[in-house]
Protein chains: 2
Amino acid sequence: MLRTHNLGELKLKDISKEVTLCGWVQKKRDLGGMTFLDLRDRYGITQLAFNMDSDTELCIKARKLGREYVIQISGKVIERSSKNLQISTGEIEIEVSQLTILNESKTPPFTIEDKSDGGDELRMKYRYLDIRRNPIKENLLLRNKVSLETRKYLDSQGFLEVETPYLIKSTPEGARDFIVPSRMNEKQFYALPQSPQTFKQLLMVGGIDKYYQIVRCFRDEDLRSDRQPEFTQIDCEMSFIDQEDILNTFEGLTKYLLDKIKGVTITDFPRMTYDDAMRIYGSDKPDIRFDMKFIDLTNQVKGNSFEVFDRSEIVIAIRVPGCANYTRKQLDKLVEFVKTPQVGAKGLVYCKYNEDGTSKSSIDKFFDEKARLAWSEKSGCEDGDLLLMMSGEIEKTRKSLGVLRLKLAEDLSLRNPEDFAPLWVLDFPLLEWDEDSQRYHAMHHPFTSPKKEDISKIATDPASVRANAYDLVLNGNEIGGGSIRIHDKELQKLMFKHLGFTDKEAQEQFGFLMEAFEYGAPPHGGVAFGFDRLCAILGGEESIRDFIAFPKNNSGRDIMIDSPSNIDQKQLDELNIKLK
Amino acid sequence: MLRTHNLGELKLKDISKEVTLCGWVQKKRDLGGMTFLDLRDRYGITQLAFNMDSDTELCIKARKLGREYVIQISGKVIERSSKNLQISTGEIEIEVSQLTILNESKTPPFTIEDKSDGGDELRMKYRYLDIRRNPIKENLLLRNKVSLETRKYLDSQGFLEVETPYLIKSTPEGARDFIVPSRMNEKQFYALPQSPQTFKQLLMVGGIDKYYQIVRCFRDEDLRSDRQPEFTQIDCEMSFIDQEDILNTFEGLTKYLLDKIKGVTITDFPRMTYDDAMRIYGSDKPDIRFDMKFIDLTNQVKGNSFEVFDRSEIVIAIRVPGCANYTRKQLDKLVEFVKTPQVGAKGLVYCKYNEDGTSKSSIDKFFDEKARLAWSEKSGCEDGDLLLMMSGEIEKTRKSLGVLRLKLAEDLSLRNPEDFAPLWVLDFPLLEWDEDSQRYHAMHHPFTSPKKEDISKIATDPASVRANAYDLVLNGNEIGGGSIRIHDKELQKLMFKHLGFTDKEAQEQFGFLMEAFEYGAPPHGGVAFGFDRLCAILGGEESIRDFIAFPKNNSGRDIMIDSPSNIDQKQLDELNIKLK
């Protein structure tokens with residue numbers, strides 16, 4: 001070892017020890033006869049002291065060190081005169097007797113501090129420097145811990161980690177695949193897995209009744225701001241279970257992680273159907289850390305000559321507590337907000353219930369005080385509250401009001417990252433209509449089993465068929481989702497038919513799975529957690545990017561290694577492909 | 001849960017319990033009034049009993065069940081009259097009162113038994129059935145355990161698991177990359193990593209001083225019998241260490257695994273230089289579970305008018321203990337073997353030292369008894385031993401004799417899979433000459449640091465430069481290998497130059513790494529273990545294929561899912577590529 005200790009461990013008990021340390025120069029202070037230097041590594045910071053009088057040459061050498069130089073020093077642990085109890089080594093310093101420069105450093109392009117002056121692009125380009133900063137390093141430590149604890153829990157429950165292949169087969173259903181040309185199999189291609197879905201089902205057919213894997217997945221999608229083309233999943237599957245068993249098992253995992261990582265104890269998770277979530281929160285992943293449930297005022301407000309409401313399918317409202325004192329300017333800003341494409345609404349109606357007992361709405365022309373009192377009764381508004389209403393088509397209006405609800409919670413600081421409010425959303429629809437292809441798509445994936453009692457409606461009223469599918473929502477984010485699978489070949493065939501697959505297509509793409517179902521497939525189901533998102537939420541942040549060691553930007557580029565890049569003609573020739 | 005217990009856990013203590021069980025029908029015996037059925041799951045086998053007299057209908061239903069049907073039964077645990085103490089549940093059986101068929105099964109294409117009648121191709125095609133067989137299932141259980149124990153050990157040593165990206169950049173150095181066309185970055189390609197080498201080095205630059213990852217790697221090589229296009233690696237890297245620290249740390253891991261997995265305690269691992277390994281065993285991964293070291297007889301046998309020896313650079317021999325009684329036929333077979341392309345030798349000389357004290361060689365025409373006695377003295381041959389000699393060019397002859405040595409050990413059952421003999425091989429050459437490209441290639445990879453004392457020879461005598469590179473060998477297999485890396489930009493540049501990179505090529509491919517070296521790279525080094533191979537050896541087998549859940553065949557095909565496969569024209573169009 002080039003060091004006897006790391007830079008986070010020396011304490012008063014080590015006084016007088018001769019030690020050798022290595023690390024990066026964080027900062028230096030030259031104070032007349034003394035030079036103090038903060039040396040940094042993964043574990044902390046240790047202060048080095050150089051004395052101009054007792055060792056002039058060494059002190060001069062130390063004064064020439066630049067930021068981020070890598071050095072090795074030897075010296076004696078001594079007690080500090082002015083202690084810093086903010087850091088673990090703050091009671092000691094090192095009286096340095098030897099100094100070796102292990103490597104020099106150019107001045108880094110941004111400061112290696114908790115708050116850096118580097119912009120996103122610069123930090124991505126020099127990610128190896130960014131990782132030296134505490135916040136990013138701490139994220140990687142957290143991620144490692146979440147991964148270890150996840151394995152510990154699942155192992156204790158009898159789950160077996162099985163690695164499934166990364167070079168698999170392209171299936172056009174769902175998102176776009178990344179594909180990999182095969183050199184040995186001319187003009188054929190592998191695909192990278194969007195998830196190990198079919199393989200975990202085959203493991204169930206193979207009798208591995210509890211499977212998990214922390215596994216990379218790939219989707220060639222146009223990247224929204226917080227998506228990555230490769231992401232990590234905690235992927236799980238169980239046999240001989242029903243939905244209740246899955247919910248209990250993974251509620252158990254989530255409780256365990258919240259306890260181990262955050263020290264938070266949460267009793268049973270609430271459950272809600274998809275229909276209720278959409279009706280009450282306008283979202284299939286409601287943030288229930290705060291209230292502001294939707295209130296349906298349709299019956300109260302229709303038929304009152306206010307044409308906007310009269311021609312609406314639905315009029316819904318949220319009660320914003322204590323915000324009756326919003327100024328005109330603040331209200332105008334909310335109206336502006338709901339008109340942005342992100343929300344897509346036409347307008348917003350408000351009603352203030354003032355502290356003095358009076359009320360005032362933006363549609364007083366059409367509704368008198370009696371009407372306003374009826375609303376407050378229905379919505380539970382009290383003096384000082386603000387009521388915000390939106391109207392229009394049912395689905396669109398709910399979604400818009402859901403977005404407004406989140407924005408208000410953000411404004412009112414109701415989304416505390418140290419609060420954790422999990423929620424199961426159940427009974428998702430089996431199918432959703434796709435405007436582009438003018439056909440139904442599987443909402444979850446084509447292997448999800450419909451609810452038995454709804455199967456008969458699949459031909460006549462496909463949109464109403466519910467699936468044995470569930471999502472685990474945490475603080476307004478879907479952190480996990482899954483379903484009970486189809487294990488019967490005939491039902492699987494029926495599903496493919498309703499999803500618009502010809503027999504030939506189904507056979508080509510999933511023939512192996514349907515064949516497997518002929519050899520004794522057990523009832524099974526599973527779940528997958530978005531691991532990057534889970535880590536971000538446990539780390540108290542919304543964005544996943546800084547919980548990934550080497551993320552890609554919104555164009556799918558790794559700007560540090562400058563990838564993707566051009567390829568030698570020779571490589572293309574060997575693969576029998578040409579650029580267009 | 002569809003079951004109250006699994007099929008490996010019911011014991012005498014459970015007598016009289018009402019239980020519900022699920023599993024696959026393993027076999028059935030109809031004995032007049034009774035039907036006995038073995039029900040199987042991942043955990044074991046439980047015997048079910050159906051009584052024709054007490055429940056005729058149920059018994060008839062049971063008699064109709066086929067092999068591998070999936071059933072659920074309820075019944076009472078009773079004591080067996082004829083116990084089977086070979087299995088964990090062998091003292092009890094279930095008096096069945098209810099039977100539900102969860103899924104039917106066609107007759108499987110091969111028997112689901114420890115020894116199956118299925119050939120390799122058939123077992124691969126129906127891998128999900130193969131996994132139901134104990135030997136394959138046990139391999140997957142072992143693999144899971146090795147992975148968990150590896151993480152436990154490395155975590156206890158302060159290593160941090162960091163996930164590195166799979167979509168990286170193609171670097172033509174080394175083996176062939178699998179490449180992935182980018183849709184968003186027109187005419188550009190990602191590559192799948194052959195290893196996370198550069199990323200782990202960047203993590204060191206980033207201050208993560210102990211990194212590991214159990215990670216998939218990809219090489220588009222022509223597959224020899226026991227290679228896979230995707231394989232798993234235990235990948236590790238450390239900073240502020242020297243070679244000795246790495247050897248100790250990973251010797252520690254290997255000892256820990258041998259103890260935890262096999263209950264085998266091994267004290268310090270022997271070490272040997274690459275030169276010695278080649279000289280003594282003709283291999284850089286010698287199997288030292290048995291002796292048969294090479295004996296150099298060149299000085300003894302040259303200049304004795306035996307032209308074959310006289311024109312040889314080297315004459316070397318191995319002593320085969322107790323094999324003087326080999327028949328003419330056995331010896332002829334060995335001669336035949338060394339002439340196969342696998343060995344590539346021209347012939348083999350033998351000398352028998354008989355039990356009665358006489359000796360006889362195949363070249364008695366040229367060498368008398370005195371000569372034979374001199375050989376026995378030099379080689380340590382005793383009465384009853386067989387001496388086998390080969391001659392020719394130094395390197396080729398050593399390799400050939402090394403192959404013969406292994407074959408003999410195999411024949412003599414000296415390669416006991418339950419014996420474990422690890423060995424460090426050190427001081428590998430830095431470079432090796434490549435005939436095809438007529439230039440030197442990095443033997444390990446271009447980031448390996450040369451030994452300081454040898455750097456001066458890099459221009460004048462490149463072949464003699466040794467590297468700070470090491471392999472961990474276990475039972476004749478390289479299970480791990482690594483090196484101390486270059487952390488100095490100038491030295492790295494020099495290496496690229498000697499590997500025939502132009503400045504532009506070096507910049508394009510590894511510019512990001514050389515730039516990183518300018519910002520305070522610490523001294524570092526690491527190792528990577530072949531995880532599939534490690535599991536196979538711990539499982540007592542030579543082939544890795546049955547330690548991978550879903551392996552590919554020798555053409556890189558997954559014959560179960562029939563991949564790689566053709567791709568929609570639309571997908572190719574989106575990626576801006578054409579088939580040639």
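Model, not experiment: these values are computed from the prediction.

Calculation rules
- Residues numbered from 1 in each chain as written.
- Chains lettered and ligands numbered in written order.
- Predicted model: local features only at pLDDT ≥ 70, side-chain atom pairs only at ≥ 80, totals over all residues.
- Heavy atoms only, no water.
- Phe/Tyr/Trp six-rings, centres within 6.5 Å; stacked < 30°, edge-to-face > 60°.
- Helix = DSSP H or I, 4+ residues; strand = E, 2+ residues; numbered from the N terminus.
- Buried < 20%, exposed > 50% of the residue type's maximum accessible area, 1.4 Å probe, protein only.
- Salt bridge = Lys/Arg side-chain N within 4 Å of Asp/Glu carboxyl O.
- Polar contact = N/O pair within 3.5 Å; in protein donor to acceptor, adjacent residues only side chain to side chain.
- Contact = heavy atoms within 4.5 Å.
- Buried area = accessible area lost by both parts, 1.4 Å probe.
- Nonpolar A, V, L, I, M, F, W, Y, C, P; charged D, E, K, R; others polar.

This part takes up the packing of aromatic side chains. Residues and elements named next belong to chain A. Under the definition given, this model contains 47 aromatic pairs over all chains. With a centroid separation of 4.7 Å and 40° between ring planes, the pair formed by F306 and F366 is classed as tilted. Here F306 is found in the loop between helix 8 (298-301) and helix 9 (307-310), whereas its partner F366 is found in the loop between strand 15 (359-361) and helix 11 (369-379), with 60 residues between them in sequence. Relative accessible area serves as the criterion here: at 32%, F366 is assigned to the partly exposed category.

This model, assessed by the stated rule, comprises 116 salt bridges over all chains. In this structure, R123 of chain A and D120 of chain A form a salt bridge, with 3.3 Å as the shortest nitrogen-oxygen distance. Of the two residues, R123 of chain A and D120 of chain A both sit in helix 2 (residues 120-125), three residues apart, roughly one turn of that helix. A relative accessible area of 11% means that R123 of chain A is categorised as buried. Residue E410 of chain B is joined to R415 of chain B by a salt bridge in which the shortest nitrogen-to-oxygen separation is 3.4 Å. The structure contains a network of salt bridges with shared partners spanning D120, R123, R127, D130, R133 and D546 of chain A.

What follows covers the side chain of T35 of chain B. Residue and element names in this part refer to chain B. Mapped onto the elements of the fold, T35 is located in strand 2 (residues 34-41). Within the structure, the side chain of T35 is placed 2.8 Å from the side chain of D30, a separation counted as a polar contact. Of the polar contacts made by the side chain of T35, one reaches the side chain of R63; its length is 2.6 Å. Beyond its immediate stretch of four places on either side in the chain, T35 contacts K28, R29, D30, L48, A49, F50, C59 and R63.

Let us now look at helix 15 (residues 531-538) of chain B. All names here are of chain B. Of all eight residues in helix 15, eight are buried; the element is thus mostly enclosed. Within the span of helix 15, buried status applies to F531, D532, R533, L534, C535, A536, I537 and L538. Packed against the buried residues of helix 15 are helix 4 (134-156), strand 10 (230-239), helix 6 (243-262), strand 20 (469-474), strand 21 (477-484) and strand 22 (524-530). Immediately downstream of helix 15, the backbone of G540 shows phi near 80°, a positive value.

Residue and element names in this part refer to chain A. Mapped onto the elements of the fold, K451 is located in the loop between strand 19 (439-442) and strand 20 (469-474). We classify K451 as buried; its relative accessible area is 10%. Apart from residues lying up to four places away in sequence, K451 is in contact with Q243, D427, R466, A467 and N468.

Turning to the interface of chain B and chain A, a few remarks are in order. In this complex, chain B contributes 128 residues to the contact, which on the side of chain A involves 128 residues. Summed over both sides, the interface between chain B and chain A buries roughly 11600 Å², with carbon and sulfur atoms accounting for 57% of that surface. There are 20 salt bridges connecting chain B and chain A. A salt bridge links K580 of chain A to D573 of chain B; the shortest N-O distance between them is 3.0 Å. In this structure, the connection of chain B to chain A is made through 75 residue pairs in polar contact (both at pLDDT 80 or more). Split by residue class, the side of chain B that touches chain A holds 63 nonpolar, 27 polar and 38 charged.

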